[in-house]
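Structural overview
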Amino acid sequence: MKIIGSLVVCVGILTGCIDVDQEEQTVTSMVSAKKAETLNVEKQPPTAVKSETNQTNEGREAFSTLFQDTYNKNLTYLEKSEKDIQEAYGEPDESGWYEGGEFLQYDQFTYFIHPESNRAESVAVQDVSLKQADINERLGSADKRYENKMEGLWTEEYNYNDGKIVVEKASESSEEVMCIWFRK
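Remember, it's a predicted structure, so these values are computed and weren't measured experimentally. (Residues numbered from 1 in each chain as written. Predicted model: local features only at pLDDT ≥ 70, side-chain atom pairs only at ≥ 80, totals over all residues. Heavy atoms only, no water.)

Focus: the confidence of the model for the protein chain
- Per-residue confidence for the protein chain gives a mean pLDDT of 76, with 67% of residues at or over 70.
- Under a pLDDT of 50 for its full length, residues 1-21 has, in the predicted model, 0 contacts with residues more than four places off or in other chains.
- Overall, residues 26-55 carries pLDDT values under 50, and its contacts beyond four positions in sequence, including any with other chains, amount to 18 contacts. (pLDDT = per-residue confidence, 0-100. Contact = heavy atoms within 4.5 Å.)

Observations concerning the nonpolar core
- Counting residues in each nonpolar core, the largest one holds 27 residues, and the members touching the most others are Phe63, Ile135, Ile165 and Ile180.
- Breaking this core down by element, the ones donating at least two residues are helix H3 (58-66), strand S2 (101-106), strand S3 (109-113), strand S4 (120-125), helix H6 (132-139), strand S6 (153-160), strand S7 (163-169) and strand S8 (177-183).
- Excluding residues that lie within four positions of it along the chain, Phe63 makes contacts with Leu75, Val123, Val125, Ile165, Ile180, Trp181 and Phe182.
- If you look at the next biggest cluster of nonpolar residues, it comprises 6 residues, including Phe103, Phe112, Ala124 and Trp181. (Core = buried A, V, L, I, M, F, W, Y, C linked by side-chain atoms within 4.5 Å. Buried < 20%, exposed > 50% of the residue type's maximum accessible area, 1.4 Å probe, protein only. Helix = DSSP H or I, 4+ residues; strand = E, 2+ residues; numbered from the N terminus.)

Digging into the packing of H3 against H6
- Packing of H3 against H6 leaves a shortest axis separation of 10 Å and a crossing angle of 140°. Classed by the angle they form, the pair H3 and H6 counts as oblique. You can see that H3 and H6 cross each other, and the crossing is right-handed. Every residue of H6 that contacts H3 at Ala62, Thr65 and Leu66 is listed here: Ile135, Arg138 and Leu139.
- Residues belonging to the contact of H3 with H6 are distributed by class as follows: 4 nonpolar, 1 polar and 1 charged. (Axes fitted to C-alpha atoms, helices over the stretch in contact; angles between N-to-C directions. Parallel < 35°, antiparallel > 145°, perpendicular 65-115°, else oblique. Left-handed = near helix turned anticlockwise from the far one by under 90°. Nonpolar A, V, L, I, M, F, W, Y, C, P; charged D, E, K, R; others polar.)

Remarks on the pairing of strand S5 (residues 144-148)
- Pairing geometry for S5 and S6, over 5 bridges, is antiparallel. Its bridge partner being in S6, Glu147 is matched across the sheet by Trp154.
- Counting the residues that bridge the hairpin from S5 to S6 gives 4 residues, and of these Gly152 lies at a positive phi of roughly 70°. (Pairing = 2+ DSSP bridges.)

Things to note about the packing of aromatic side chains
- What the rule picks out here adds up to 11 aromatic pairs.
- Ring centres 5.7 Å apart and planes at 25° place the aromatic pair Tyr106 and Phe109 in the stacked group.
- Residue Tyr106 is classed as buried on the basis of its relative accessible area, which comes to 6%.
- Taken together, Tyr77, Tyr89, Tyr106, Phe109 and Tyr111 form an aromatic cluster joined through their ring pairs.
- Directly above the ring of Tyr146 sits Lys144, whose terminal nitrogen or CZ lies 5.2 Å from the centroid.
- Positioned above the aromatic ring of Trp181 is the side chain of Arg183, whose terminal nitrogen or guanidinium carbon lies 4.4 Å from the ring centre. (Phe/Tyr/Trp six-rings, centres within 6.5 Å; stacked < 30°, edge-to-face > 60°. Lys NZ or Arg CZ within 6 Å of the ring centre and 35° of its normal.)

Description of the sheet that holds S6
- The strand order S1-S2-S3-S4-S8-S7-S6-S5 describes an open sheet built from 8 strands, whose pairing is antiparallel. Each edge of the open sheet is held by one strand with a lone partner, namely strand S1 (94-98) and S5. The sheet shows a mean angle of 20° between the axes of neighbouring strands, direction not considered.
- Of the strands in this sheet, S4, S6, S7 and S8 touch H3, which is tilted by about 155° from S8.
- In the packing of helix H5 (residues 82-89) onto the sheet, contacts are made with S2, S3 and S4, and the angle to S2 comes to roughly 10°.

Some details on H3
- Counting buried positions along H3 yields 7 of 9 residues, so the element is predominantly enclosed.
- For H3, every residue scored as buried is listed here: Glu58, Gly59, Arg60, Ala62, Phe63, Ser64 and Leu66.
- Looking at the residues trailing H3, positive phi occurs at Gln68, about 50°.

Here is the structure:
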């Protein structure tokens, strides 16, 4: 009888310990959730441009609006072959090789052909009419900012579901934008 009584007391103590442990885990989970909520609130909110566009072509649309749709037609030739591009635009002003792939330059825009797929994977626009303030106003804060030492340029990237917009300038403080890319 004494053994059974001791066993009941031990089981009762263990059950009480489990209940206390579960309560501590619940409190810890609630505190962790509260911390996570607090951290999310304290982070800088996403820019209006990115948070309002969650569709598949949000990067293409953002790129197009940068130039008031001037280069929207150019984006339709991404993922098209060199032949398709030349049928649409004719012979390029300049062509050659860049970072292992072929490029086709037409006036202020250039297509870059992926060497394996032989399709355009990016388009770059050398339109100096945009300033850094225009970029900030339309795209918000860059997702990544760094010095591209290989090219000697300051680079800012804006990541989207369908690709990325890359802005290149002479230096971090420069207001003059040299080139803006859309890459698949």
